[in-house]
Amino acid sequence: MRIPALAPLTLLAIPAAHAQEQPDPARLKASVEKLVGFGTRHTLSVTDHPTRGIGAARRWFATELSRIGEACGGCIETANLARTFTNDRAPNGVEVVDVLGFQPGRNAKRVVIVMGHIDSRVTDPMNATSDAPGANDDASGVALVLEAARILSKEKFDATIVYAALSGEEQGLFGGQLLAETAKERGWTVSAVLNNDIVGNTIGQSGARVADRVRVFSEGIRQVESLDDQFARRAEGGEDDGPSRALAKAADDVAGKLSGGLDVVLVRRPDRFGRGGDHTPFLKLGYPAVRFTVGVENYDAQHQDLRTEGGRVYGDTVDRMDFGYLAKVTAINVATIRRLASAPAAPASVTIGGALASDTSVKWEPVPGASRYRVHWRRADAQDWQRHVDVTGSETVLKDVIVDDNFVGVSALAAGGSESLVTFGGRARH
């Protein structure tokens, strides 16, 4: 279907009252309960039933996005993105539909994407008829997307925000592939992809409660880098500073400034051990993408038939969730989107020099809309940026900063101070 043409809007200041608005646990719970109420949202389930199956769930999500858009004077336009996919979990082919909401920014082609997957499943991935509540996996992520839209729709941004409920995750990451390939085909500049998948529980498999942190998974060396590029990144020491890792660090920085929020645990893997999610197709195309997932998982509540065996209860049901916790994960997403959508794009490249010298020279490509730039550096044994200086122009010299002993990166700043991701500095490529 048609993706809406995104007309530029005038960038306005964020109203202070809206900037402080907090996600509502009650509203998040209501959204999860509504999604669970569709019985199953399996990708191969019925699409034409009014109250059951993935079709009804997708229509409900689109209606909710439209209501949010109407409340802000039409600031969000909804669209369906569809394609037929076939694999061993969809042997007869299945039409996968992503439901999208577009909140146009001043720059129609630059996007920040926040997403969750709307489909669910039970033990047998081919069982499209049994009840599959999918409360935490991943009604939690879809509810988060709606709450983020409700809050952020009251504001204006430089980048376009895309709110996405993806289908087909459990059958083969189909929805993520569809949206990532569409971004490539349409020539979008993707500043960030925030994938929220299993973000609403605090009781783990052992019964222990973990309610003080959320994991953010990210790649360091980019999947799309050639072998020569990987060797160069290793030689420069940039294994921990690819765009997706920079995005994870930005989320961590934002979370640290939220009162009463969660600790972001930066897991230095693209996803959980041996597993994947809808951000994976974006990584394959070179886009900065991360996955948010709870601090501890309960595997009895993932991909399980609803049953009780030997006193153990199985199933992904609403009663296992913690909506106060989900609200805190939502708050991190909202604040991260707000920062990156308000900022210019990150510099496309940063080069440094200074071999056999006591100073480090830094150059970068100018960024449209940037009012100035922030040059970061840190000692080579540190993971987080330690010092910075703000400059205009597209080059500077860091006096008495020895290049052998320090890492350097550059971000772009908006006039209001919002900061892009940090682009790691390396040698000039010819």
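Please read these numbers as outputs of a predicted model, since none were measured by experiment.

Caption draft 1: Quick look at the packing of helix 8 (residues 243–255) against helix 10 (residues 323–342). Packing of helix 8 against helix 10 brings their axes to within 9 Å, and their N-to-C directions diverge by 115°. Relative to helix 10, the element helix 8 lies roughly perpendicular. Considering the relative orientation of helix 8 and helix 10, their crossing is right-handed. Taken together, the residues of helix 10 that come into contact with helix 8 (itself represented by Leu247, Ala250, Ala251, Asp253, Val254 and Ala255) are Ile332, Ala335, Thr336, Arg339 and Leu340.

Caption draft 2: Focus on the state of the cysteines. Inspection of the entire model under this criterion finds one disulfide. Shown here is the disulfide that connects Cys72 with Cys75, its sulfur atoms set 1.9 Å apart. One disulfide, between Cys72 and Cys75, carries an S-S torsion of -90° and so falls in the left-handed class. The class of Cys75 is buried, set by a relative accessible area of 8%.

Caption draft 3: Summary view of the confidence of the model for the protein. This prediction gives the protein a mean pLDDT of 94; 95% of its residues lie at or above 70. Here residues 5–19 is a poorly scored stretch, pLDDT under 50, and it has 30 contacts once near neighbours within four places are set aside; other chains count.

Caption draft 4: Local environment of unusual backbone geometry. Cis geometry marks the peptide bond from Asp137 to Asp138; its omega dihedral reads 5°. Tracing the sequence through the fold places Asp138 in helix 4 (residues 135–152). The phi torsion at Leu173 lies on the positive side, around 55°, for a residue other than glycine. For Leu173, the position within the fold is in the loop between helix 5 (169–172) and helix 6 (174–186). You will see that Asp400, though not glycine, has its phi angle at about 60°, which is positive. Note that Asp400 resides in the loop between strand 15 (395–398) and strand 16 (406–413).

Conventions we followed
Residues numbered from 1 in each chain as written. Predicted model: local features only at pLDDT ≥ 70, side-chain atom pairs only at ≥ 80, totals over all residues. Heavy atoms only, no water. Axes fitted to C-alpha atoms, helices over the stretch in contact; angles between N-to-C directions. Helix = DSSP H or I, 4+ residues; strand = E, 2+ residues; numbered from the N terminus. Parallel < 35°, antiparallel > 145°, perpendicular 65-115°, else oblique. Left-handed = near helix turned anticlockwise from the far one by under 90°. Contact = heavy atoms within 4.5 Å. Disulfide = S-S within 2.5 Å. Buried < 20%, exposed > 50% of the residue type's maximum accessible area, 1.4 Å probe, protein only. pLDDT = per-residue confidence, 0-100.

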